[in-house]
Amino acid sequence: MQIAVLKEKRPYETRVAATPETVKKLIALGFSVTVEKGAGDSSQYPDSQYEAAGAKVAATPEKTLDKAKIVLKVLPPMTKKDGGEDEVKLLPEGTLLIGMLQPYVKAELIEEYNKRKITAFSLELAPRITRAQAIDVLSSQSNLAGYRAVIEAANALHRAFPMMMTAAGTIAPARVLILGAGVAGLQAIATAKRLGAIVSVFDVRAAAKEQVESLGGTFVEVESEESGDAAGGYAKEMSKDYKERQAAKIKEVIGKSDVVITTALIPGKPAPRLITADMVKGMRPGSVIVDLAVESGGNCEGSVVGEVVEKDGVKILGYANMPGRIPTDASAVYARNLLNLLTLCMDKDSKTLKINWDDEIIQAIALTHEGKTQNEKKGAV
Ligand code: NAI
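Since the structure is predicted, the reported quantities are computational estimates derived from the model, not experimental observations.

Per the domain assignment, the segments making up the protein chain are domain 1 (2-135 + 327-373) and domain 2 (143-325). Between the C-alpha centres of domain 1 and domain 2 the distance comes to 32 Å. For the domain 1 and domain 2 pair, buried surface summed over both sides reaches about 890 Å², with 56% attributable to carbon and sulfur atoms. The tally of links between domain 1 and domain 2 comes to zero salt bridges.

Arg-128, Ser-139, Val-183, Asp-203 and Arg-205 are the nearest of the 22 residues found near the ligand. At a separation of 2.9 Å, an oxygen atom of the ligand approaches a polar side-chain atom of Arg-128. In the environment of the ligand, an oxygen atom lies 2.7 Å from a nitrogen or oxygen atom belonging to the backbone of Val-183. Alone, the ligand offers 830 Å² of accessible surface; in the complex the protein occludes 87% of this. Partitioning the shell around the ligand into residue classes produces eleven nonpolar, seven polar and four charged. Shared between two domains, the shell around the ligand takes at least three residues from each, and those domains are domain 1 (2-135 + 327-373) and domain 2 (143-325).

Pairing in this open sheet of eight strands is mixed, and the strands run β3-β2-β1-β4-β5-β6-β18-β19 from one edge to the other. With one partner strand each, in any of the chains shown, β3 (56-58) and β19 (372-373) form the two edges of the open sheet. Inspection of the sheet shows strand β18 (residues 366-369) paired to β19 by two bridges, in the antiparallel sense. Note that in β19 the partner of His-369 across the bridge is Lys-372.

The rules behind these values
- Residues numbered from 1 in each chain as written.
- Predicted model: local features only at pLDDT ≥ 70, side-chain atom pairs only at ≥ 80, totals over all residues.
- Heavy atoms only, no water.
- Domains from an automatic or database assignment.
- Buried area = accessible area lost by both parts, 1.4 Å probe.
- Salt bridge = Lys/Arg side-chain N within 4 Å of Asp/Glu carboxyl O.
- Near = heavy atom within 4 Å.
- Polar contact = N/O pair within 3.5 Å; in protein donor to acceptor, adjacent residues only side chain to side chain.
- Areas by Shrake-Rupley, 256 points an atom, 1.4 Å probe, with all protein chains shown as cover.
- Nonpolar A, V, L, I, M, F, W, Y, C, P; charged D, E, K, R; others polar.
- Pairing = 2+ DSSP bridges.
- Helix = DSSP H or I, 4+ residues; strand = E, 2+ residues; numbered from the N terminus.

Rendered as structure tokens:
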């Protein structure tokens, strides 16, 4: 059975959906693999390494997709509307397409998949259950995003992170505020602590407090009876009263912070606006904000996708695709997520694809199958 690995064409995308390591394992599982020329270049996996692992390298998307039964992608296929060549139209009818297909923002593609009878699996929809952890792309990517956000902030800051006691006097440690203590936030805490910063953290989910404290962060509390916990470990949107109390608290802490890293997301909704222009004004000159939610609307007023903006002496880093700024590792773990999913879908004896449609993981990630949308809610939000 033929697997095609396409080169990612969307802006800012540097990752690839298979690495030489996973290609070798896919071939051992019984697949043959064709990789589009240059697909791994930005992640530092040259074509020669794919060939050495047993893959064919094809010069064009058409040749890569020839006879493909499974297509591995990082992001949704391009359309004319996105300003590129129409990749959906190139997908052979009936293929299994696997990637981070962004059903909430790319809902229009669902119709295209149905028209071409494509079985589309969107891995961001994997359930938060132990058995699904090996295919949890949100975790594998957010973890690296949280790490990289701190590295970017440390690089942009004109101060040192650790306290230094020198003959010329003491340098105070940097103060880092992290908003949102999910996977990215927790890794950001760990990274900032390793660099020696003093870390304060805020999240609406009560469960986050213990995790923050176990990593050595100080949890900032908002006085309220309201809980932000929603199903599956995710957060819900908070009431107006809560948002006002939260804003007052953030304003108080932000003025003393050198670095703010925002990671707050609500699935299927725009990111909550946590930092206003007024709060930015209250920060010291030279401070740095990294808005990891910039592509979902942004947690910080004034952040711009793909840009570094300077407001009142404060740098607001709106880098798009933060995991893509550490692409070798981001691709490695993403490709393993896909390998783990395909392993789950294989019948080991006959070495053929056998999707178990009763499996809750498959039911959660399936967007379309045999011309029908599998779960209306996924595309309609
Ligand atoms: P996420 O990426 O959806 O959101 C990031 C963080 O922002 C969350 O912690 C959320 O509570 C927070 N947030 C949302 N609105 C906010 C607001 N107004 N103010 C401040 N913070 C706000 O979350 P992620 O990274 O997906 O993690 C959510 C939870 O799921 C975590 O507890 C994580 O440990 C858990 N998890 C469990 C897994 C499993 O059991 N297999 C796998 C991955 C994560």
